[in-house]
Amino acid sequence: MKRELLTHFGFAGLYFLLAAIFKNWFDLKYLEFWTGGIIGTLLPDIDHVIYVYLRPHELTSQRVAKKLETANIFEALEILAVTRSERSKLIFHTAPFQLLFFVLTFLVLTSSNSLLGMGLSVAFSLHLMVDQLLDLMSQKNLSNWFHQVPISLNIKKASLYWGACVLVLLILTILI
């Protein structure tokens, strides 16, 4: 769990620092943007908790539910972190959701002046892309991300898809 948090917050911190440098956002009023970044970095992992309640018959779900019943929240989170790759049918961790969220991020960035909302939506998208990168590196595919659509990507096409997502996020960041 610590490693996953460190990975996500490391990417988010670097990304937000580069965005702050690029936009010259070194004032306390931009703390809202960073706060949104923290929330947005954590939010996609709620997907794993939702999964526990949608699939209570699975062993991991039962183990996590037992830990939560006894108020062992950190142990429950550790189980979720260790068994992350076992959950292949998540809601947020899918390519269709990611593409929809890019559209929502675009709308937030172009039609809102909320720095909190901007930070949240950018960090949420970044979190999904970091998870994809981890899947590409460990599993050599993104099949979990495309389980809802009849698309099969080899490692080269999956890498191109991920690269295109990075490019979209960079373009969206320029819109801030």
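Computed from a prediction, not measured in an experiment: that's the story for all the values here.

Conventions adopted
- Residues numbered from 1 in each chain as written.
- Predicted model: local features only at pLDDT ≥ 70, side-chain atom pairs only at ≥ 80, totals over all residues.
- Heavy atoms only, no water.
- Core = buried A, V, L, I, M, F, W, Y, C linked by side-chain atoms within 4.5 Å.
- Buried < 20%, exposed > 50% of the residue type's maximum accessible area, 1.4 Å probe, protein only.
- Helix = DSSP H or I, 4+ residues; strand = E, 2+ residues; numbered from the N terminus.
- Contact = heavy atoms within 4.5 Å.
- 1 Å grid on protein atoms, 1.4 Å probe; cavity = no way out; pocket = protein on both sides within 12 Å on 5 of 7 lines; lining within 4 Å.
- Points joined across faces, edges and corners; volume = space filled by probe spheres on them.
- Nonpolar A, V, L, I, M, F, W, Y, C, P; charged D, E, K, R; others polar.
- Axes fitted to C-alpha atoms, helices over the stretch in contact; angles between N-to-C directions.
- Parallel < 35°, antiparallel > 145°, perpendicular 65-115°, else oblique.
- Left-handed = near helix turned anticlockwise from the far one by under 90°.
- Expected span 1.5 Å × (residues − 1).
- Arc of directions from axis to C-beta.
- Phe/Tyr/Trp six-rings, centres within 6.5 Å; stacked < 30°, edge-to-face > 60°.

**Considering the nonpolar core**
Phase 1 of the analysis: Membership of the largest hydrophobic core comes to 32 residues, with the highest contact counts inside it found for Trp25, Phe33, Val122, Leu142, Leu169 and Ile176.
Phase 2 of the analysis: Taken together, the elements giving at least two residues each to this core come down to helix 1 (2-23), helix 6 (95-111), helix 7 (115-139) and helix 8 (155-174).
Phase 3 of the analysis: Here this core takes 10 residues from helix 7, the largest share from any one element.
Phase 4 of the analysis: Setting aside chain neighbours within four positions, we find leucine 169 in contact with Tyr15, Phe102, Val122, Ser125, Leu126 and Met129.
Phase 5 of the analysis: One finds Val64, Ala76, Ile79 and Leu80 within the second-largest nonpolar core, a separate group that totals five residues.

**Observations regarding the layout of surface pockets**
If a probe as big as a water molecule is rolled over the atoms, it shows which places are left empty.
Phase 1 of the analysis: Taken as a whole, the largest pocket holds about 360 Å³ of empty space.
Phase 2 of the analysis: Around the largest pocket sit 12 residues that line it, and Arg3, Glu4, Ala81, Arg84 and Leu134 are the ones nearest its centre.
Phase 3 of the analysis: Those elements giving two or more residues to the lining of the largest pocket turn out to be helix 1, helix 5 (73-82) and helix 7.
Phase 4 of the analysis: Taken together, the residues of the lining of the largest pocket sort by class into four nonpolar, four polar and four charged.

**What about the packing of helix 1 against helix 8?**
Phase 1 of the analysis: Following both chains from N to C, one finds helix 1 and helix 8 inclined at 40°, their axes separated by 11 Å at the closest point. As judged from the angle between their axes, helix 1 and helix 8 are oblique. Helix 8 is crossed by helix 1, and the crossing has right-handed handedness. Each of Tyr15, Ala19, Phe22 and Lys23 in helix 1 lies in contact with helix 8, whose residues at this interface are Leu169, Leu170, Thr173 and Ile174.
Phase 2 of the analysis: Among the residues forming the contact of helix 1 with helix 8, the class breakdown is six nonpolar, one polar and one charged.

**Things to note about helix 1**
Every α-helix carries 3.6 residues per turn, so stepping three or four residues along brings you back to the same face.
Phase 1 of the analysis: Compared with the 32 Å implied by 1.5 Å per residue over 22 residues, the 31 Å span of helix 1 between its first and last C-alpha is a close match.
Phase 2 of the analysis: Among all positions of helix 1, only Glu4, His8, Ala12, Tyr15, Phe16, Ala19 and Ala20 are buried. The buried residues of helix 1 occupy one face: seen down the axis, they fall within an arc of 140°. Turned more than 90 degrees away from the buried face of helix 1, the exposed residues are Lys2, Arg3 and Leu6.
Phase 3 of the analysis: Positive phi appears at asparagine 24, one or two residues downstream of helix 1, with a value of about 60°.

**What about the packing of aromatic side chains?**
Phase 1 of the analysis: Across all of its chains, the model carries 10 aromatic pairs by this definition.
Phase 2 of the analysis: When the ring of tryptophan 25 is compared with that of phenylalanine 33, the centres are 5.0 Å apart and the planes differ by 85°; the resulting orientation is edge-to-face. Assigned by exposure class, tryptophan 25 and phenylalanine 33 land together as buried.
Phase 3 of the analysis: Grouped by ring-pair contacts, the aromatic residues Phe16, Trp25, Tyr30, Phe33 and Trp34 constitute a single cluster.

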